[in-house]
Amino acid sequence: MTARPPLREVADLLRTVLGRPPAWLDTLRPDTLLDGELHLESHDLAAWSLALRTRYGPAADLAAHLTTLDLDALTAFTLADAAALAGGPAPAPGAPTGADPPSIPADGKADTTGAAPPAPSPSGAGGPRGRFLFVSLPLFGHVNPLAAVSRELLARGHEVLWAGSESFLRPLLGPDTAIAPIPLRAHRGQADRGTAAARSRWDGYIVPHAGHTLPGIERAVAAFRPDVLAVDQHAVAGALAAHRAGLPWASLAPTTMELTRPYRTAAPRVEEWIERRMADMWTAAGLPGAPPHDLRFSPHLLVAFTGEALTGPLPWPRNAVLVGPALAAREPDRTFPWEWIDPARRQVLVTVGTLSLDLAADFHARTVEALRPLGDRLQAVIAAPDGTVADPPGHVLVRPRVPVLELMPRLDAVVSHGGLNTVCEALAHGVPLLVAPIKGDQPINAAQVAAAGAGRRVRFAHASPQQLRAELLAVLDDPSHAAAARRVQESFAAAGGAPAAADHLETLLPAGPRPAGP
């Protein structure tokens, strides 16, 4: 065994990777958590691991070692652990790789039950009329694209029912969409970041939401007798209900977290933990044995609201279709002060989504300081609750609710957390982005935006006002970003959006007439 390197020496390699000043080292402790305190992203870990291997040899392969850890060990991994690894033996061979879900093996292809979807009929063609039951998490970024598809199906003469919270869904779906009400139940917050966010996302939200909503969804299935269920990938109760009723169902993916499967390679034991959670939900629903496939991926159809111009080539399941963002007109915001907008100045929207507002106060404060000296050239709208953004200057408007789609044609840039819904809405209008990812799929989306040239990325927790200002001005002033955003916009338009998603859902309808009944 080689001598253990000094902790500060190991930390200094990380400081160089992150581009932090030397004084930053004095803020670190041996027990500083890599995940919970430093919030290192995958590219940070990869670059630091390379620096460690270069300095200390193959035994210091941090990235490889992290793939052998389960969720508890990952969230507890410290700077001192990294230093010990650099001075210790190489990780044991044969580290676990995680079980490939039967529906999406390691070659990226779906199994034989997930065959390529049949070619849809032309949009709106006179095929059989059907009944579609929609199930989603009660989150704006999840419901909005599904709502656009729902409206398209209604316009074609199909019957559509949603199962969920009437109070949450009604403002988003409009007065005419039928809803089977399931009371909205508060679940634990998701303030965690890094790998710990996986635990809070599943144990604090996805799992309890499934248990709470499954009885109501099954009542809706029994009363409505749908032909097809259209299920948000994270609304696992919809998948369970489809299995219990023996109905075809489609997974609708409003995020890229499950599509890109980052844990399969970076942290396979976390992926195994997620699979165990799904198996527990399967058993709790009274279904026999083990799930026949990953419940996030229907064997019938997977509809993703993105496109390869943004994602780049990925090993998609054979039954996946990429339709781009699904957009539909929303209820106009009659209280928004449209007269405030000055057409002579450039317009910027700042939004971190609904799930991240509890993390956003400091980011909003730094963003306001970044914007403060720019009043002669731009105006900015910040989506944030009243009273949470202190002392905004006159050219910064803070609103608890923002009509995003109405604003988009007027915008020159969007500053965002990188949620797929916001990213795709911006790019669908040819608007470039400055992305400050926080958790979940957001670092993936930020990397895709930057790789496509349609914007730039900054660190949510550490970007200074000066850095935020410089990066925002780069997005606004470098015409290549707007040009790249327009290229993605064109590809999204060609993908078809909500009509294309409806086309593919129609392929799941039974060929013959519906049996007699309600």
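Now for a quick tour of the structure. For clarity, every value in this text was computed on a predicted model and none was experimentally measured.

1. Description of the environment of Gly57
Part 1: Inspection of the secondary structure puts Gly57 in the loop between helix H2 (42-56) and helix H3 (62-66).
Part 2: On the basis of relative accessible area, Gly57 is assigned to the buried category, the value being 17%.

2. Quick look at the pattern of salt bridges
Part 1: Under the counting rule described, the total for this entry stands at 22 salt bridges.
Part 2: The partner of Asp342 in a salt bridge is Arg345, and the shortest N-O contact between them spans 3.1 Å.
Part 3: Asp342 gets classed as partly exposed once you look at its relative accessible area, which sits at 24%.
Part 4: What makes Arg345 partly exposed here is its relative accessible area of 23%.
Part 5: Asp362 serves as the salt-bridge partner of Arg366, at 2.9 Å between the closest nitrogen and oxygen. Placement of the pair is Arg366 and Asp362 together in helix H14 (residues 361-371), with a separation of four residues, close to one helical turn.
Part 6: Relative accessible area serves as the criterion here: at 46%, Asp362 is assigned to the partly exposed category.
Part 7: Here the salt bridges share partners, and the residues they tie into one network are Glu152, Arg156, Asp503 and Glu506.

3. Section: the packing of H14 against helix H18 (residues 465-477)
Part 1: One can describe the packing of H14 onto H18 by two numbers: an axis separation of 8 Å at closest approach and a directional angle of 60 degrees. Judged by the angle between their axes, H14 and H18 are oblique. Where H14 crosses over H18, the two elements pack in a sense that is right-handed. Every residue of H18 that contacts H14 at Phe363, Arg366, Thr367, Glu369, Ala370 and Leu371 is listed here: Pro465, Leu468, Arg469 and Leu472.
Part 2: Looking at the contact of H14 with H18 residue by residue, the classes come out as six nonpolar, one polar and three charged.

4. Here we look at the sheet that holds strand E10 (residues 396-399)
Part 1: The six strands lie next to each other as E10-E9-E8-E11-E12-E13, forming an open sheet whose pairing is parallel. At either margin of the open sheet sits one strand with a lone partner, and together these are E10 and strand E13 (455-457). When the angles between neighbouring strand axes are averaged without regard to direction, this sheet yields 15 degrees.
Part 2: In this sheet, strand E9 (residues 378-383) lies alongside strand E8 (residues 346-351) in parallel orientation, the contact comprising five bridges. Pairing of Gln347 across the sheet is with Gln379, part of E9.
Part 3: Against the sheet, helix H17 (residues 442-452) touches strand E12 (433-435) and E13, its axis set at about 135 degrees to E13.

5. A closer look at helix H20 (residues 497-506)
Part 1: For H20, the tally of buried residues reaches nine of 10 residues, placing the bulk of the element in the interior.
Part 2: Within H20, burial applies to Gly497, Ala498, Ala500, Ala501, Ala502, Asp503, His504, Leu505 and Glu506.

6. As for the pairing of E9
Part 1: Extensive coverage of E9 is indicated by the burial of six of its six residues.
Part 2: A two-sided burial pattern is seen for E9, the buried positions comprising Leu378, Ala380 and Ile382 on one face and Gln379, Val381 and Ala383 on the other.
Part 3: Inspection of the sheet shows E9 paired to E10 by four bridges, in the parallel sense. Of the residues in E10, the one forming a bridge with Ala383 is Arg399.

7. A look at the environment of Ser165
Part 1: Mapped onto the fold, Ser165 is located in the loop between strand E2 (159-164) and helix H7 (166-173).
Part 2: Accessibility expressed as a relative area gives 6% for Ser165, which makes it buried.
Part 3: With residues up to four places along the chain from it excluded, the contact list for Ser165 reads Ile182 and Leu184.

8. Structural notes on the packing of aromatic side chains
Working definition: an aromatic ring pair is given by the centre-to-centre distance plus the angle between the planes.
Part 1: Applying the stated criterion across every chain, the model contains four aromatic pairs.
Part 2: Pairing Phe134 with Trp162 gives two aromatic rings, centres 5.1 Å apart and planes at 15 degrees, and the pair type is stacked. On the criterion of sequence distance, the pair formed by Phe134 in strand E1 (residues 131-135) and Trp162 in strand E2 is long-range, its members being 28 residues apart. As far as burial versus exposure is concerned, Phe134 and Trp162 are alike and both buried.
Part 3: The interplanar angle of 20 degrees and the centroid separation of 4.9 Å between the aromatic rings of Phe363 and Phe460 together place this pair among those described as stacked. Of this pair, Phe363 sits in helix H14 while Phe460 sits in the loop between E13 and H18, placing them 97 residues apart in sequence.
Part 4: Taking the relative accessible area as the measure of exposure, Phe460 reaches 4% and is therefore buried.
Part 5: Looking at Arg131, its charged tip hangs above the ring of Phe224, at a distance of 5.8 Å from the centre.

9. Digging into the nonpolar core
Part 1: In this structure, Trp48, Leu62, Leu133, Ile217 and Leu240 are the most contacted members of the largest nonpolar core, which totals 64 residues.
Part 2: The element best represented in this core is helix H8 (residues 196-224), accounting for 10 residues.
Part 3: Apart from the residues within four sequence positions on either side, Leu240 is in contact with Leu214, Met281, Trp282, Ala285, Leu287 and Leu295.
Part 4: Within the second largest apolar cluster, 32 residues are counted, among which are Ala148, Val160, Phe168 and Ala500.

10. A word on the sheet that holds strand E3 (residues 178-181)
Part 1: Taken in spatial order, the seven strands line up as E3-E2-E1-E4-E5-E6-E7 in an open sheet, and their pairing is parallel. Looking at strand neighbours, the two that pair on one side only are E3 and strand E7 (320-322), the edges of this open sheet. Recorded for the sheet is a direction-independent mean angle of 25 degrees between the axes of neighbouring strands.
Part 2: Bridge count for strand E5 (residues 249-253) against strand E6 (residues 301-304) is four bridges, and the pairing is parallel. Residue pairing in the sheet places Leu252 in a bridge with Val303 of E6.

11. What to know about the pairing of E2
Part 1: Burial runs high along E2: five of the six residues are buried.
Part 2: In this sheet, E2 lies alongside E1 in parallel orientation, the contact comprising five bridges. Bridging from a neighbouring strand, Val135 pairs with Ala163 of E2.
Part 3: Between E1 and its parallel partner E2, the chain crosses via helix H6 (residues 140-155), and the hand of that crossover is right-handed.
Part 4: In terms of handedness, the path from E2 via H7 over to E3 forms a crossover that is right-handed.

Reading the values: rules and limits
- Residues numbered from 1 in each chain as written.
- Predicted model: local features only at pLDDT ≥ 70, side-chain atom pairs only at ≥ 80, totals over all residues.
- Heavy atoms only, no water.
- Helix = DSSP H or I, 4+ residues; strand = E, 2+ residues; numbered from the N terminus.
- Buried < 20%, exposed > 50% of the residue type's maximum accessible area, 1.4 Å probe, protein only.
- Salt bridge = Lys/Arg side-chain N within 4 Å of Asp/Glu carboxyl O.
- Axes fitted to C-alpha atoms, helices over the stretch in contact; angles between N-to-C directions.
- Parallel < 35°, antiparallel > 145°, perpendicular 65-115°, else oblique.
- Left-handed = near helix turned anticlockwise from the far one by under 90°.
- Contact = heavy atoms within 4.5 Å.
- Nonpolar A, V, L, I, M, F, W, Y, C, P; charged D, E, K, R; others polar.
- Pairing = 2+ DSSP bridges.
- Phe/Tyr/Trp six-rings, centres within 6.5 Å; stacked < 30°, edge-to-face > 60°.
- Lys NZ or Arg CZ within 6 Å of the ring centre and 35° of its normal.
- Core = buried A, V, L, I, M, F, W, Y, C linked by side-chain atoms within 4.5 Å.
- Right-handed = clockwise from strand over helix to strand, strands pointing away.

Read these as geometric descriptors, not functional statements.
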